[in-house]
Amino acid sequence: MTYHFSKVVNASFEQAIAQVTESLKQDGFGILTEIDAQAAFKKKLNAEFRPYKILGACHPQIAYEMLQLDDKAGVLYPCNVVVQEHTDGRVEVSAIDPLSMFLPVDSPKARDIAIAASEKMQRVIDRLPAAQSNATPHEYAI
């Protein structure tokens with residue numbers, strides 16, 4: 001089991017952010033936070049880093065249902081989506097698999113909610129236009 005869904009996309013860095021934002025909306029997600037890692041590392045460490053943004057996405061209905069089951073589940077939010085430009089110019093979008101994120105919530109209903117959330121996030125990534133390449137992004141097993 002992997003903890004994320006990933007795809008190298010056929011878009012520039014900024015285009016990929018717009019595409020993933022729109023794809024998230026299509027499945028009912030909104031973006032609550034945006035972290036510009038490149039700018040943060042420059043400001044805090046004076047270190048150079050490639051374009052890398054972390055979008056904190058949330059699906060209000062899923063969040064509400066999960067918090068009804070476990071009032072501590074909020075520590076697991078939001079569902080992070082990363083857009084990054086690799087040094088070779090490829091742009092990759094990676095999103096947390098909500099199923100792996102919600103594993104600690106011990107409830108059969110929580111698992112059902114997590115499966116539904118996982119299916120939504122997979123659709124978000126699947127809708128993005130894939131780059132034409134034989135290369136595949138790295139996936140790490142948990």
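For the structure, see preceding data.
Along every chain, residues carry numbers that run from 1 in the direction the sequence is written. Where totals are concerned, whole chains, interfaces and linings use all residues; where local detail is concerned, this predicted model gives features only for residues with pLDDT of at least 70, and gives and counts side-chain atom pairs only at 80 or more. With hydrogens and water set aside, each side-chain value is computed from the structure's full complement of heavy atoms.

## Structural notes on the side chain of Asp27
Put simply, the test is: Helix and strand definitions here come from DSSP, where helices need a minimum of 4 consecutive H or I residues and strands a minimum of 2 consecutive E residues; each element is numbered from the N-terminal end. Two residues qualify as a contact provided that any one of their heavy atoms is within 4.5 Å of a heavy atom in the partner residue.
Position of Asp27 relative to the elements: it lies in the loop between helix H1 (13-26) and strand S2 (30-36). Excluding residues that lie within four positions of it along the chain, Asp27 makes contacts with His59, Lys120, Arg123, Val124 and Arg127.

## Looking at the sheet that holds strand S4 (residues 79-85)
The test is simple: We treat two strands as partners when DSSP finds at least two bridges between them. For helices, the fitted axis covers only the stretch in contact; all axes are lines through C-alpha atoms, and the angles between them, taken along N-to-C directions, range from 0 to 180 degrees.
Overall, antiparallel pairing links the five strands, which are arranged S1-S5-S4-S3-S2 in an open sheet. The open sheet has two edge strands with one neighbour each: strand S1 (4-9) and S2. Taking each pair of neighbouring strands and ignoring which way they run, the sheet shows an average axis angle of 20 degrees. As paired elements, S2 and strand S3 (residues 52-58) share six bridges and run antiparallel to each other. Counted as the bridge partner of Asp36 is Lys53 from S3. Sitting on the sheet, helix H2 (residues 37-45) touches S2 and S3, and the angle it makes with S2 is about 35 degrees.

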